[in-house]
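Geometric and topological summary
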Amino acid sequence: MPERKKYCHTVRLVVVCCVVVLCSACSSVEPILLRDQSVNLVWPQPPDPPRIKYLRDVKGPEDIYPEKNKFQKITEMVTGDNRLILELLTPYSVASNSKGVIYIADTTMGVVHRYDLVERDVSYIGRAGDEQLSSPVAVALDLEDNLYISDSVLNKVFKFKKDGEFVKELTPPAGFKRPGGIAVNSAGEKFVVDALADILHKFNANDLYEGEFPQRLPGEELNTPSFVATDRSGNVYVTDAMNFTVKKYSADGKLMNRIGEVGDVPGTFARPKGVALDSDGHVYVVDANHNNFQIFNGEGQLLLYVGSNGERPGEFSLPSGIFIDNQDRIFVADTFNRRIQVFQYLRAGAKHE
């Protein structure tokens, strides 16, 4: 009997040591490198100077979690793996904050995936208070990293703190008919697309309702708008989906320009979706039918298009949302390929790896 007690004590010590090593290993993970060294893709092709570079794709939690060491594997054999693994099913919209966290709205899964690229951690937002998300279609972040989620089935827009805590709903006086894309400008004002109402709703920095946007003009009505973006000057860009164009408005809602028209050649649209801007003010528009994103200058002239139909790097299958962070990294929701593809805008004259 004394030998048995001694044996049990030894086993407990081994388990404790394993746990200590495990905790030590978890606290010093290397951030994810947003670069696949095995792929070298740029647009346009040489000898033209490159402007867009492929970085990598993110297909799910396995790409985020660090590889387990042997102690973690041993511990998992005893305790099991308690991590919740939800694969990307239909990633529709994406946004990223300055601290390496990306949020992905997954419409079919009914959750927003939260991938921390620095801490190598994965979590999910599936509820807003007592309400279960049903079809999250868009995500956006304000300057304080508060998260906004629009749900096209619940017809609601929810606000969360950066730690995932639910804060409140944003609601226009008559409610939403079908909320879609969200954009937050540098003043903290929010623009929320209402696809079935053919209008946007504007909220101020304190989330108070300020009215409809843009100014309604006969013959210039929006027709099923879907996504929205803003630039540094406060101008607003709206994907006017069924008019097959992107409309640019001033901060006070006056129409300034149209980008693209219906067609099946570069510079035209068949199913325009997400819209975003890089640091030089170029306008990026995703087209789900063309399976690419097209880049225009401020006057609406086509500069470049990236992508084609397929599953390989730089190819797409019914892409939707697009987001460009403050480092000019381009995140595209490659919806039917069930992944996020990441690219880099290469500024002229800048040094690049």
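The structure we're discussing is the one just above.
Residues numbered from 1 in each chain as written. Predicted model: local features only at pLDDT ≥ 70, side-chain atom pairs only at ≥ 80, totals over all residues. Heavy atoms only, no water.

**Brief notes about the overall build of the protein chain**
Helix and strand counts for the protein chain come out as 2 helices and 27 strands. Taking all 353 residues of the protein chain together, 51% fall into the buried category. A sequence separation of at least 24 residues applies to 45% of the contacts in the protein chain between residues at least 6 apart. Put simply, the protein chain shows about 17,300 Å² of open surface, and 52% of that area lies on carbon and sulfur atoms. (Helix = DSSP H or I, 4+ residues; strand = E, 2+ residues; numbered from the N terminus. Buried < 20%, exposed > 50% of the residue type's maximum accessible area, 1.4 Å probe, protein only. Contact = heavy atoms within 4.5 Å. Areas by Shrake-Rupley, 256 points an atom, 1.4 Å probe, with all protein chains shown as cover.)

**Some thoughts on the layout of surface pockets**
Quantified by volume, the largest pocket comes out at close to 1,100 Å³. Lining the largest pocket we find 40 residues, and of these Val-184, Thr-230, Phe-323, Ile-324 and Asp-325 sit closest to its centre. Broken down by secondary-structure element, the contributors of at least two residues to the lining of the largest pocket are strand S3 (91–96), strand S9 (136–141), strand S13 (179–184), strand S17 (225–230), strand S21 (272–277) and strand S25 (322–324). Residues belonging to the lining of the largest pocket are distributed by class as follows: 19 nonpolar, 13 polar and 8 charged. (1 Å grid on protein atoms, 1.4 Å probe; cavity = no way out; pocket = protein on both sides within 12 Å on 5 of 7 lines; lining within 4 Å. Points joined across faces, edges and corners; volume = space filled by probe spheres on them. Nonpolar A, V, L, I, M, F, W, Y, C, P; charged D, E, K, R; others polar.)

**Quick notes on empty space enclosed by the protein**
What the rule picks out here adds up to 1 cavity of 30 Å³ or more. Its boundaries defined by the atoms lining it, the largest cavity holds a volume of some 70 Å³. In this structure, the largest cavity is lined by Asp-198, Ile-199, Pro-214, Gln-215, Arg-216, Leu-217, Glu-220, Glu-221, Leu-222 and Tyr-249. Tallied by class, the residues present in the lining of the largest cavity amount to 5 nonpolar, 1 polar and 4 charged.

**Description of the sheet that holds strand S23 (residues 292–296)**
The strand order across the open sheet built from 4 strands is S21-S22-S23-S24, with neighbouring strands paired in antiparallel fashion. If you trace the sheet from one side to the other, it starts and ends with S21 and strand S24 (302–306), each paired once. With strand direction ignored, the average angle separating the axes of adjacent strands in the sheet is 20°. Relative to S23, strand S22 (residues 283–287) runs antiparallel, the two sharing 5 bridges. Looking at the pairing, Val-286 lines up with Phe-293 of S23. (Pairing = 2+ DSSP bridges. Axes fitted to C-alpha atoms, helices over the stretch in contact; angles between N-to-C directions.)

**Some thoughts on unusual backbone geometry**
Geometrically, the link from Pro-46 to Pro-47 is a cis peptide bond, its omega value of 15° lying close to zero. Positive phi outside glycine occurs at Phe-244, with the angle close to 55°. With respect to the helices and strands, the residue Phe-244 is situated in the loop between strand S18 (236–240) and strand S19 (245–249). Residue Phe-244 is classed as partly exposed on the basis of its relative accessible area of 22%.

**A closer look at the pattern of salt bridges**
For the structure on display, the rule yields 19 salt bridges. Among the salt bridges present, the one from Lys-161 reaches Glu-165, with a minimum N-O distance of 3.7 Å. Residues Lys-247 and Asp-240 are paired through a salt bridge, measuring 3.1 Å at the closest nitrogen-oxygen approach. Sharing partners across several salt bridges, the network here consists of Asp-57, Lys-59, Asp-334 and Arg-339. (Salt bridge = Lys/Arg side-chain N within 4 Å of Asp/Glu carboxyl O.)

**What about the pairing of strand S20 (residues 255–259)?**
Sheet faces and side chains relate simply in a regular strand, where the side chains alternate between the two faces. Where S19 lies against S20, 4 bridges are found, and the strand directions are antiparallel. Opposite Lys-248, over in S20, you have Asn-257 as the bridge partner. Counting the residues that bridge the hairpin from S19 to S20 gives 5 residues, and of these Gly-253 lies at a positive phi of roughly 90°.

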